[in-house]
Each structure stands twice: as structure tokens, then as C-alpha cells.
Amino acid sequence: MSLLDVKSYAAGQWIAPGSGAREIADAVTGAVMARAGNDALDVSAMLDFARTKGGTALRAMSFHDRARMLKALGQMLSQHKPALYELSFATGATARDHLLDIDGGIATLLVYASKGRRELPDGHVYLDGEVEQLSRSGQFLGQHICTPLQGVAVHINAFNFPVWGMLEKLAPTLLAGVPAIVKPATATCYVTELAVLLMLESGILPEGALQLVSGGLGDMLDHLGAQDVVSFTGSADTALKLRSNPHLLSRSVRFVAEQDSLNASILGPDAVPGTPEFDLFIKEAHREMTVKAGQKCTAIRRIIAPQAQVDAVIEALSARLKGTVIGDPRADATRMGALVSAGQRRDVLAKAALIAQEAQRVCGDPDAFDVQGADPAKGAFVPPMLFHCADPDAAQRVHDTEAFGPVSTVMGYRDLDHAVALANRGGGSLVASVITHDPQVARTIALGAAAWHGRIYINDRDSMAEATGHGAPLPHLVHGGPGRAGGGEEMGGVRGVMHYMQRTAVQGSPAMLSAIGGRWIPGTPERKAPAHPFTRGFDALEIGETIHAGPRVITLEDIEHFAAFTGDTFYAHMDDEAAKRNPFFPGRVAHGYLLLSFAAGLFVEPNEGPVLANTGLDGLRFMKPVVAGDSLNVRLTVKQKTRRTDEYGEVRWHVTLTNQDAETVAEYELLTMNAYRV
């Protein structure tokens, strides 16, 4: 079989392996199958191509344009999953593993596409937080805005997830409006290359938004600046070497790392054998040791159980591990495939030997195990290995040595404080899990351990049917951790997008801030509506367009009728003496919801038109009570517009209710869905 040449995509050209190319072996057969690497890549041209072509094109798109782009990429890749699956078998991954890597990566794209449309504006500026009034009259304000960095993101990814590892970084980067240069680990870069090829050939991405380095980066890091970002996933040693690059330090290049992690799982004292929680704990530990052959940054490395349950945990988990079929990942019966390479196998065995200095191996002999449908002498196979550390307080290796494979260590704890202390001995992890049905156990562990872990996963009989698992990072939540885990925060919903944007404080008048943020701010000069805004389509409405309506006099009969009609006979509306004893009211007052109803009656255009539905209101505040005899006036202003579908968009209206003395009595934001055209 001819070797597969894994190419790089640089400055608009596919470049074949050249000098410095490295051979890549099939993880299952050991046969050389591909080569990758080229020392002649013009890194300056690549960076310039990204910044001038990709960055310019992406920043010209709105957040929603970029979100739609991510959705299209996800849908396109979904059509090519079989080809990605087939190629991924050579990494040692099983069909079950493909669901985490390939399907999980595509799902991450789609989640970010959805969150971009729902949580980001249909514009180019993200407003972070509320407007700050910096002057007495409100004519000098402050607002934090976030805008895309004007550089490039260099993504250095690990070997274990060649698709998800790329897409989980690429999704928030592209949504932010920043181009990316992806450098996958050479051992599995052929899978990443296919995914990149599919994305580029689809025509969905603008030119320069995505480039690929198959092999080494050369001196690319030495050409980065303050507008660029380096995002790294891998070992702590490599992260330290990259982070310490003098050029990155001198130019203040943003550096994000997700590195080694001695993740822990704690069995609650209530979860004794025979409970659903005990069975769940064993199932989770087994899954985390065998999925991807334990080559997961979130896998359980330390299993922490009550001292009285250690023997039961070892017995139950060993029984499951011994029943795990190891072999050719293409076979239906296989439950655990090979490690990614012979080199990784040597590394795992060496790390397991270090752990064995402090712990006894109780399951899994690397010198005697069965492999189905493959030659264990040629493939990178190892059995799942379980160790028992009898004295975890005196141990060090079990808390600082990560064997990046199917290796885990059981240790006992005396009480919850001891369990927390052992979990925290890892020096910072991506995830710690707690299996318990006792909320107070979960609370104690969370409060004691949260500072040392990026995610606390809690599961029991109530959530187990829907829980995603200890080792499943989700795009909605932060994936990262403190200390030895690197201190990074990937994904995390919109928070992940902010890593590729600059947060800037802007100060000025309401009109200036409204123009910058694309959202009307009170104090900005009004635009008189040429016609009632409810008669104007979404496209025709302009930010700041305003109408005034009223007055309407509130009568005692109105208040009593509303109370009788709704059943809201709260004393402040019905009992004058009782209301006067309340420090907030001068006597009987109108219902707040009565005021909202009257306001709607004042500004609504009743005839059929572009307004399709009222979908809610935000930020409702009642500032001054209204009594019988007061007059009600209303001001309705177009605050913000957000496209939702091809037929309609969301209009956010600022509504202010005032009395006869021009005092504000209530304020809120009304949301409607409006057709684009009348």
C-alpha cells in the first residue's frame, strides 16, 4: 500500500511533505501508512494570509453570519462522517470512540452556532455588562465592548482527538471573527487533514480563515504579536517550553494551555455496594479507563473511595476490566482499541512502572493479555491496568504521574476532608467527579475541591439516565483547570469566544455609545417615527425610532375592577389604611400589571401588521407608585434589532412609563417578533 502524504494548507496552497517529513504508523498493525511534515513552509506568508485575508473577511461578517457559517460547517461534516470514521480506525479508535471525537466535534460546532444566534448580537460589537453612568445628568457614560482581535489564533492540538480537539477550539475562534492556523499532533494529523480538506473544499469559509500545518510549526511562534493567540493542548513539559518562549513573553502574546491532569473520582460514603450509586461509580470508572484506551485528558486517573469500600471497588472494577475485549477497533466486539503509537505505549508502560513504586497492580498484566483480531506484538496495545495505593498520604507518584492510557489507581479515604485533600493533591485538574445521593456530601466536596478543579461532575440515581459522563467536556461549560491542568478555559459558551476578543471600555455620550454598540441608550436623541412602528417591517425600523402615547388617567374604579377581574386583592391596592402603614406607599396604589396593561393599550396598533408576537419582557422595574387620579404616559423606542430567521426578527423595545409630573413610574424592555416586510 502506498504511503498517504499528509499535506499542509498554507497561504492558499496545499503543500506536500518535504524535508523533515516524519513517518506515521497504523496504531493497530504497526505498518507505516503515512508521512507528514515540511520544513519549507513560509510561516510569515501564512500569518499574513490569515491576518489580511481571513481576518478582514471574518470581521466584516456579523456574529450571526459567523454562527450560520459554523452551522453550515457542522451540517457539511455530518455528511462525511463515514469517511472520517474509516480513517480514524488507524489511530486505534473504536466506533464508540468515533462518537466522542468526530460526532462530538461536529456537535460542538452546532452548539456554538446556536449560542451565537441566541446570545450574541446580529452585529459586530459584543456589549459586556450594563452601561455605567459616570455623570450626574447621564450625558457621560461608560460601557465595556468586545471586538475581535486583529491577529491570528495558532492552535496546537493533541493526538487523542484529531477532530474534536480541532473543532472545540475552532468554533469559538471563528465565531469571534479570528482566523486560525491549526497544527494537529503528527501521529493523527491525517484525520485532521481530511476534516480541514472537507471544510475548505465546501466553500463555506472565507479565504484565509483556516490553514493547516501537518508537522512542525518551525519558527512561527517567533513571528506572533500582541493581537495573536496561542492555544495549546498537550503535556505540561511542552506547555512550559512554549509558554516560556522569549518572543511570546516580550510581545505579550496570549497563551492558553490545557495540559496534564490527574483527574479524580470520589465515591460518597453513602454509596455502598448494592446502591445505584456504587454501580454507577464502577461503570463510570470502567468507561473512563477504556474509552479511547484511556487517552483522554479528562479520564479518571485516581479513584478515591471510603476505606471500608476499597476492596469492593477493586473487586467490582477488576471484574469489568477483565471482561473488556481488546482488539482490532473495526471489529464489533472490540471495546478497547490500541494506543495511538508504539511510542505512546512505551510512555504509558514507563509511567505505570513509576506508579508501581507506590501502588500494587491489582488488575491488568501488560506482559500477558489477549488481543482479538490483531497482533499485539505489532500494534500499540496495552490492557487496562488498575493499581491500589494503600498509603495515599505518603505517596507522591500517584498524585503527579499521568500515565496517558488505561491506567488508574484506587486509594482509600478516612472522611470527606481527607477525600478532598487527596483529590486536591493532583495540583489542579480538568475535572473531579462525585458519585453520591447525599446533597450535603456533594456540597462539602464541591466547596473544598472547586478551587483546584475546572469542573465538578456530580451524579446519582436521579441524574444518571441523562448525565453525559465524568469525561465529557461540553461546549456550554468551561473545559480547563487550574494549576498543573494549565489554567486555561476553553469553550465555556460565549465566555470561550471572549478569549479571542479584546474587552475595551468606551466612554462618551449616550449617542456615541448607542452608535458604537448598535443598541439605543436612554439619553440619545429620539428619532420621530414616520408612522406607527407597529406598522413598519423589521427592515424599515431604525434604532432610536420613538413614539409617545397618553395620557390616561388612573381611576379608583380601574384599580378595583382590575383587582376583582384578576383576583389580585393585595392590601396595598384595596385597603387604604393598611397601605399607608407600608413605607413604600402613600395609600391605595394601582397594580403594577395594571400599568403595563394600560401602557400596551396606549401604544399598540390593533390592526394586522408586521408584529407577529409578543415574546416577553426583560428588566421590569416599578420606580414610583401610581395612585388614583394620576395620569399615565408611555414612550416606546426601538432599542435593538436581531435577525432570527429568513422571515422575521426580534425587536427589543425600550418602554418608559411616566406620570403627569414627568416622573418615571416604570420601565422595561418589550420583545416582539416582527416580519421583515409589511
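Residues numbered from 1 in each chain as written. Predicted model: local features only at pLDDT ≥ 70, side-chain atom pairs only at ≥ 80, totals over all residues. Heavy atoms only, no water.

- Per an unreviewed UniProt entry, the chain goes by Bifunctional protein PaaZ and derives from Maliponia aquimaris.

Re the environment of Ala305
- Here Ala305 lies in strand 14 (residues 302–306).
- Once the C-alpha coordinates of Ala305 and Pro329 are considered, the two residues, 24 residues apart in sequence, prove to be 32 Å apart.
- Each residue touching Ala305, except ones within four places of it in the same chain, is listed here: Leu267, Val310, Val313, Met411, Gly412 and Tyr413. (Helix = DSSP H or I, 4+ residues; strand = E, 2+ residues; numbered from the N terminus. Contact = heavy atoms within 4.5 Å.)

Re the pairing of strand 5 (residues 32–36)
- Bridge count between strand 1 (residues 4–6) and strand 5: three bridges; the pairing is parallel. Its bridge partner lying in strand 5, Val6 is registered against Ala36.
- Between strand 4 (residues 22–25) and strand 5, which pair antiparallel in sequence order, lie six residues; one of them, Gly30, sits at a positive phi of approximately 80°. (Pairing = 2+ DSSP bridges.)

Notes on the side chain of Asn38
- Its place among the elements puts Asn38 in the loop between strand 5 and helix 1 (43–60).
- Given the relative accessible area of 12%, Asn38 is considered buried.
- Separated by 2.8 Å, the side chain of Asn38 and the backbone nitrogen of Ala40 make a polar contact.
- Ignoring sequence-local partners within four residues, the contact set of Asn38 consists of Ile15, Ala16, Pro17, Gly18, Ser19 and Ser214. (Buried < 20%, exposed > 50% of the residue type's maximum accessible area, 1.4 Å probe, protein only. Polar contact = N/O pair within 3.5 Å; in protein donor to acceptor, adjacent residues only side chain to side chain.)

Some words on helix 1
- Between its first and last C-alpha, helix 1 extends 25 Å over 18 residues, near the 26 Å set by a 1.5 Å rise per residue.
- Within helix 1, the axis deviates most sharply at Gly54, by approximately 30°.
- Taken together, the buried positions of helix 1 are Val43, Met46, Leu47, Phe49, Ala50, Gly54, Gly55 and Leu58.
- Contacts from the buried residues of helix 1 go to strand 2 (8–10), helix 2 (63–78), helix 5 (164–176), strand 9 (180–183) and strand 10 (210–212). (Expected span 1.5 Å × (residues − 1). Bend = angle between axes of the 7 residues up to and from the residue.)

Focus: the domain arrangement of the chain
- Taken domain by domain, the chain holds domain 1 (4–123 + 146–259), domain 2 (264–474) and domain 3 (526–675).
- Centre-to-centre, using C-alpha coordinates, domain 1 lies 30 Å away from domain 2.
- Taken together, the contact pairs 22 residues of domain 1 with 26 residues of domain 2.
- Each partner contributes to the roughly 2,000 Å² buried at the junction of domain 1 and domain 2, and carbon and sulfur atoms together form 60% of this total.
- The largest contributions to the domain 1 side of the interface with domain 2 come from Val28, Arg96 and Phe159, which together make up 27% of the buried area.
- For Arg330, the salt bridge goes to Glu86, with nearest N and O atoms at 3.5 Å.
- If you look at where domain 1 meets domain 2, you find six residue pairs in polar contact (both at pLDDT 80 or more).
- With four residues, helix 4 (residues 95–119) is the largest single contributor of residues to the side of domain 1 that touches domain 2.
- For the side of domain 1 that touches domain 2, the per-class residue count stands at 11 nonpolar, seven polar and four charged. (Domains from an automatic or database assignment. Buried area = accessible area lost by both parts, 1.4 Å probe. Salt bridge = Lys/Arg side-chain N within 4 Å of Asp/Glu carboxyl O. Nonpolar A, V, L, I, M, F, W, Y, C, P; charged D, E, K, R; others polar.)

Observations regarding the nonpolar core
- Within the largest apolar cluster, 60 residues are counted, with the highest numbers of intra-cluster contacts made by Leu70, Leu73, Leu77, Leu167, Leu174, Met199 and Leu205.
- Listed in part, the 37 residues of the second largest apolar core include Ala27, Ala264, Val371 and Met385. (Core = buried A, V, L, I, M, F, W, Y, C linked by side-chain atoms within 4.5 Å.)

Thoughts on the sheet that holds strand 4
- Spatial strand order, 1-5-4: three strands in an open sheet with mixed pairing. Each edge of the open sheet carries a strand with a single partner, namely strand 1 and strand 4. Within the sheet, the average angular offset between the axes of one strand and its neighbour, ignoring direction, is 30°.
- In the sheet, strand 4 pairs with strand 5 via four bridges, with the strands oriented antiparallel. (Axes fitted to C-alpha atoms, helices over the stretch in contact; angles between N-to-C directions.)

Notes on the sheet that holds strand 6 (residues 126–133)
- Overall, antiparallel pairing links the three strands, which are arranged 6-7-22 in an open sheet. In the strand order of this sheet, the two ends are held by strand 6 and strand 22 (501–508), each with one partner. On average, each strand axis in the sheet is inclined to that of its neighbour by 20°, with strand direction left out of account.
- Bridging between strand 6 and strand 7 (residues 141–148) involves five bridges; their strand directions are antiparallel. Looking across to strand 7, one finds that Tyr126 is bridged to Cys146.

Describing the pairing of strand 24 (residues 545–553)
- Sheet topology note: the strand 23 (residues 527–528)/strand 24 ladder contains two bridges and is parallel. Residue pairing across strands places Lys528 opposite Thr546, the latter belonging to strand 24.
- As defined by bridge partners, strand 24 adjoins strand 26 (residues 631–643) across six bridges and the pair is classed as antiparallel. Following the sheet pairing, Val553 is matched in strand 26 by Ser631.

Some thoughts on the state of the cysteines
- Counted by the stated rule, this structure contains zero disulfides.
- Cys189 provides the cysteine sulfur closest to Cys297, a residue in no disulfide bond, and the two sulfurs are 19 Å apart.
- Its sulfur unpaired, Cys363 is 17 Å from the next cysteine sulfur, which belongs to Cys389. (Disulfide = S-S within 2.5 Å.)

Focus on unusual backbone geometry
- For the bond running from Gly550 to Pro551, omega is 5°, close enough to zero to count as cis.
- With respect to the element layout, Pro551 can be found in strand 24.
- Unusually for a residue other than glycine, Lys292 sits at a positive phi of about 55°.
- Note on placement: Lys292 falls in the loop between helix 9 (276–290) and strand 14.

Focus: the packing of helix 3 (residues 81–88) against helix 4
- One can describe the packing of helix 3 onto helix 4 by two numbers: an axis separation of 10 Å at closest approach and a directional angle of 145°. Where helix 3 crosses over helix 4, the handedness of that crossing is right-handed. Contacts between helix 3 and helix 4 involve Lys81, Leu84, Tyr85 and Ser88 from the first element and His98, Leu99, Ile102, Asp103 and Ile106 from the second.
- In the contact of helix 3 with helix 4, the residues fall into five nonpolar, two polar and two charged. (Left-handed = near helix turned anticlockwise from the far one by under 90°.)

Considering the pattern of salt bridges
- Overall, the coordinates contain 31 salt bridges when judged by the stated rule.
- A salt bridge links Arg35 to Asp5; its shortest N-O distance comes to 2.7 Å. Placement of Arg35 in strand 5 and of Asp5 in strand 1 is noted, with a sequence separation of 30 residues between them.
- By relative accessible area, Arg35 is classed as partly exposed at 28%.
- Taking relative accessible area as the criterion, Asp5 reaches 30% and is therefore assigned partly exposed.
- Asp228 is the salt-bridge partner of Arg51, the closest N and O atoms lying 2.7 Å from each other. Of this pair, Arg51 sits in helix 1 while Asp228 sits in the loop between strand 10 and strand 11 (229–233), and the two are 177 residues apart along the sequence.
- Arg51 sits in the partly exposed class, given a relative accessible area of 25%.
- When salt bridges with common partners are traced through the structure, they connect Asp618, Lys639, Arg652 and Glu669 into a single cluster.

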